[in-house]
Every structure is written in structure tokens, then in C-alpha cells.
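# Structure at a glance
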Amino acid sequence: MLHTPLEPQIGVAPSRYNIRVPLKNGRALLYNSLSRATCILEAADAILLDGCESLSLSEARENETIAGLMDNGYVMPTHVDELQAVENLYWQNRHHKTSITLTICPTLFCNFGCDYCFQGALKPTIAMRDDVQDGICALYERILDEQPETQFVQIMWYGGEPLVRKGIIFELAEKLNEITRRRQRNSSHAMVSNGYMLDRPTAQKLFDLGLRMVQITLDGSQEAHDQRRALLSTRGTYEKIVSNMRSWIDDIGIKVNLRVNVDERNRDDISTLIDDLSERGFGYRENFKMYFAPVESVTKGCHSVADKMLVKREYGGLEADFYVTAFRKGLADLPYPAYFIGICQALRKNDFIVVPCGDVHKCWDTVSFAEHRIGTVFELDPLFENGTARQNAWNAFDPLSHPTCRSCKILPNCAGFCAHKFLNSSEVAGEASLPCPSLKYSINEKLVHMAVARGSIGEEDYDPDEIRTDPYALCDERFDAGDYAHYGYRPEEIPAE
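This section reports on the structure supplied with the text. (Residues numbered from 1 in each chain as written. Predicted model: local features only at pLDDT ≥ 70, side-chain atom pairs only at ≥ 80, totals over all residues. Heavy atoms only, no water.)

It is worth spelling out the sheet that holds strand β2 (residues 18-22) at this point. Strand order in this open sheet of 3 strands is β2-β3-β4, and the pairing throughout is antiparallel. Since the sheet does not close on itself, it has two edges, and those belong to β2 and β4 (37-41), each with one partner. Ignoring strand direction, the axes of neighbouring strands in this sheet form an average angle of 20 degrees. Across 5 bridges, strand β3 (residues 28-32) lies against β4 in antiparallel orientation. Counted as the bridge partner of Asn32 is Ala37 from β4. (Pairing = 2+ DSSP bridges. Helix = DSSP H or I, 4+ residues; strand = E, 2+ residues; numbered from the N terminus. Axes fitted to C-alpha atoms, helices over the stretch in contact; angles between N-to-C directions.)

Take a look at the structure:
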């Protein structure tokens, strides 16, 4: 009698997205970037995990420890394609249609003269005309027509310094809010501002119009900040910004995300800033959190500061320490690795940025450079029918096609991180041309700091030198600066509109 062959027995294996941080006495902190689960492995459990490939799926399910690891994504059946699962999740998130972001620059002019500004030193003074405002309203209506599933709209005010033209913001916000109400959608306004003109009356007016979040920047101690972020007249700005925030932070419901830009020149002043903000009462507030970002030469406007940037690996370690210091004073959260931080506005089909002349862009970093526009509010059909050439380049961008990204253990967190650095690589200088986020250079330290804060481990349970993140251990392949040939084109080859 012929017998039907039994289906080959399925085995199990450790997830490709496991990140193991060594602790003392053979223990380990285990994180999985796909499930985003974290646990502490005892020494015996670590041995079981390493040997799980000898088990069949049924045997793995019968082992209490391995079964628990499977439930949290640390161990996977061998027939599961984890990379495909990441790709599916990535495109689901990138193509979700329930929300949009419309970014508006009422001016590209700024009252500050920061030397590391991506716009460069010569900023246009043009203000947004009434016909451009009308075009923005028409664009907003068209987006809602094209994407009827939209439930929530974020209106982002950007610049330059948007409050240089606050009257335009007040007027245009009213028009956009009326459209939102008439179209029965929900919306919220946000702003990127240097904070110098955000006094209490302005904050109240903006709050009444729907502003719920503002990003403001302070770059270290008053001395360090005033050297870097002075008015065009060279007068310092630190005290004015802090006083403005203090005047409304208690009773106007605007959340402040305080950005701190870090480079070689101010790295030693960050702790002074943290101390000062704590002493002034900004700690332990739900509506005030600070975060840190490296200064990078991401456009031709700021190539002059390329030599002031910190090496990515060095910055990663510093950033992890900054977060711990700020967390202990109630000024920052310890950031848990998020999903797909590389899915930005530039990669969302119906998210747009409009500059004062009416040009439409996709990326915040390109707004001062007309050659990067994808269209205009005065001709909406090309934006929604076949798309313009530059627009289609953004839409076609696929970070998961890059071999380094595909092999990286933090792919579910990063997802390419910065499309601008891929698509406009010739305009990025120095180590900024490597698109990887600071997380790639500090994930071990950040995971350990969070575990300590939660009480899962103590500082005596690890050796700071042993847990140091090795970015090259996260990838099977290395990312070399300027390695973009796999896309088959370079930005300068995209035909002009």
C-alpha cells in the first residue's frame, strides 16, 4: 500500500529581529523590534533560546519557556517570513487613509540667524498672498475629495519662522477651520517656532484657533544658546523664549516639544540647560517634554557646519545619556522604539507642504529650494491625476529595497528613516549622508535605561562598556555613504516640470 508522505515537520528559530543586550551573570535584556516586546532573560532561558532551533513547533509549544518567548515574537516558526510581515505592515501604515497632514509656510523669512539652518543664510522675505491662501483652501478641499476616508487633519505651521507673519496664520486658520467644520472632519493645529514671538496673547489666540502643539528649540545653556540662536541683530534670545513659555505653560493647553540641537560646540552645555529648566519649574508637566536631535548638514544651505557635526556613533551615546538626565528631572520621557519612524509626510500620498509663493513640496528640508517643488496650488490636477515627476519619485521610494535596510534588526523601527537623504543624497554632506537614525547607535543603552527606570534591573546589573551599541552588529551589510545606485536614478536626473 502507498502511503501519503507526512507534511515535513515545522521547526522554530529565534526571530531575526531580536536584539540581545548582555547583563551580568549570563542574563540578558531581550528586545524584539517587530513585536516591540522587551523582557529579561535569565541565564538558563538564554541557553534555551539559543538552542530552540533543535525543536519542532509542537515541541516548542510544549516547553513553557519557549512557548512564552513565541507568544512575544522572540521565537518564530520557521515557515513564517518575518521580512514579508514587516513589508506588509510598512505599506499598511504608509498607505493608511484616515488622516492627513497639511503643512503651511506663511513665510520662509526668519528673525533668527542660526548658522546651521537648513535654509541657509539668505532667506526670502516674501509673505503669502491672498490668492495663495485661496489656493491652499482649494488644495485642502481637493485632498478631502480625493481621500474621503480622512477623519483627522493636522494643520502644521512651518517656516522660516511662521510667527513673523502671525496675521496670515490667524486669517488662514479661520478659513481652514471653516472647511473642516463644513466637511465634518476633526482637526488640530501644530507649529514649529523658535518661540521668540510666542508670548501669552499670541499663544491664547493660537489655542483658540486650535493649536495644541508647538516645537520650540533651546540649544543648551543661555550662553551657548545665545551664541547659536541669536536674532539677526545678534541679540540673544534664550531669556525671551523661556519667559514666553513660562507666561502660558500653566493655563493654556498647548503642549511644548522642546527640541535641543546638538553638535560639537554645545555638547557640554546640555546638562546646564536641563538644570535651568528644572529650576524654573518645567519638570513633571504633561504639556512639556524635551527631546534631542543631532545637527546635520542635510541641504546645501548648511554645508558650512558639516565639520561641526558629531560622529553618529558618538552622538548616539550622548543622546542616551541626555535622555536619562532629563528623565530624572521630569523633563523628558525615555523614548521607547516606535514603529516605522521613516514614514514621514513626504511619503504620504496626499500630504503636502505649501510655501508662500504657492509652490507645493513634499519634504520640510526642501522648502527653500524651488527646484524641489512638485507642483503649485494654482494647478491642482497634476498633483492628483498622474503626479509630477518629482512627486512620483517620492511616491516610489521604497527603503525596503535597500540591502542594508532589509538586513537590519531595527528595520521595523527605522524603515529607512529619511527619504530625503536617499533621494537628494548629493545635497547632504558628511556623515549626515548615512540615513540611519540615532537609535541605531544607542538602542542598547536606551533599552537598558528604560529597564532601570521600570525597576526591571538595577544599575548594578550591567557593565556600561559591555552594553554599548555596535551599529554594525545590527546589519548583515554596511551602509556606505553615497550608496544609492540601487534606485536606478539620481535626483538630478529627474526631468524638470
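Turning to helix α9 (residues 238-248), a few remarks are in order. Within α9, burial applies to Tyr238, Ile241, Val242, Asn244, Met245 and Trp248. On an axial view of α9, the arc spanned by its buried residues comes to 155 degrees, and they lie on one face. Where α9 is buried, its residues touch α7 (200-209), β9 (211-217), α8 (222-228), β10 (255-262), α10 (270-279) and β11 (288-294). (Buried < 20%, exposed > 50% of the residue type's maximum accessible area, 1.4 Å probe, protein only. Arc of directions from axis to C-beta. Contact = heavy atoms within 4.5 Å.)

Here we take up the state of the cysteines. Think of a disulfide as a covalent bridge from one cysteine sulfur atom to another cysteine sulfur atom. With the rule as written, the count across this model stands at 0 disulfides. Take Cys302: it sits in no disulfide, and the sulfur closest to it among the cysteines is that of Cys117, at 7.7 Å. The structure places no disulfide on Cys475, whose sulfur is separated from the nearest cysteine sulfur, that of Cys408, by 3.4 Å. Note on Cys475: relative accessible area 11%, which makes it buried. (Disulfide = S-S within 2.5 Å.)

This brings us to empty space enclosed by the protein. Taken as a whole and judged by the stated rule, the model has 4 cavities of 30 Å³ or more. Of all the secondary structure elements, the ones that give two or more residues to the lining of the largest cavity are α14 (403-407) and α15 (411-414). Residue classes in the lining of the largest cavity are distributed as 12 nonpolar, 2 polar and 1 charged. (1 Å grid on protein atoms, 1.4 Å probe; cavity = no way out; pocket = protein on both sides within 12 Å on 5 of 7 lines; lining within 4 Å. Points joined across faces, edges and corners; volume = space filled by probe spheres on them. Nonpolar A, V, L, I, M, F, W, Y, C, P; charged D, E, K, R; others polar.)

This part takes up the packing of helix α11 (residues 312-328) against helix α17 (residues 443-454). With their axes 9 Å apart at the nearest point, α11 and α17 run at an angle of 20 degrees to one another. The orientation of α11 with respect to α17, classified from their angle, is roughly parallel. For the pair α11 and α17, the crossing hand works out as right-handed. For the pair α11 and α17, the contacting residues are Glu319, Ala320, Asp321, Val324 and Phe327 in the first and Glu445, Lys446, His449 and Ala453 in the second. Taken together, the residues of the contact of α11 with α17 sort by class into 4 nonpolar, 1 polar and 4 charged. (Parallel < 35°, antiparallel > 145°, perpendicular 65-115°, else oblique. Left-handed = near helix turned anticlockwise from the far one by under 90°.)

Attention shifts here to the environment of Tyr90. Residue placement: Tyr90 occurs in helix α4 (residues 82-94). When its relative accessible area of 0% is taken as the criterion, Tyr90 is described as buried. Sequence separation of Tyr90 and Leu400 is 310 residues, and the distance between their C-alpha atoms is 9.1 Å. Dropping the residues within four chain positions of it, Tyr90 is found in contact with Phe340, Ile343, Leu347, Pro399, Leu400 and Ala415.

Turning next to the pattern of salt bridges. One pass over the full model with this rule turns up 34 salt bridges. Note that Arg182 is salt-bridged to Glu141, the shortest N-O span being 2.4 Å. Here Glu141 lies in helix α5 (residues 130-146) and Arg182 lies in helix α6 (residues 166-182), a separation of 41 residues in the sequence. Look at Arg182 and you get partly exposed, because its relative accessible area is 45%. If you follow the salt bridges from partner to partner, you end up with Asp115, Asp219, Arg228, Asp263 and Arg265 in one network. (Salt bridge = Lys/Arg side-chain N within 4 Å of Asp/Glu carboxyl O.)

Moving on, we come to the side chain of Thr366. In this fold, Thr366 is placed in the loop between β13 (359-361) and β14 (375-376). For Thr366, a relative accessible area of 2% corresponds to the buried category. Not counting residues within four places of it along the chain, the set of residues in contact with Thr366 comprises His361, His372, His420 and Asn424.

With mixed pairing, 9 strands are arranged side by side in an open sheet as β11-β10-β9-β8-β7-β6-β12-β13-β14. The outermost strands of the open sheet, each flanked by one partner alone, are β11 and β14. In this structure, β13 lies alongside β14, joined through 2 bridges in antiparallel fashion. Counterpart to Asp359 in the pairing with β14 is Thr376. Strands in contact with α6 are β6 (99-104), β7 (152-157) and β8 (186-192); relative to β8, the strand with the most contacts, it is inclined by about 155 degrees. Sheet strands in contact with α11 are β10 and β11, and its direction is about 170 degrees off that of β11.

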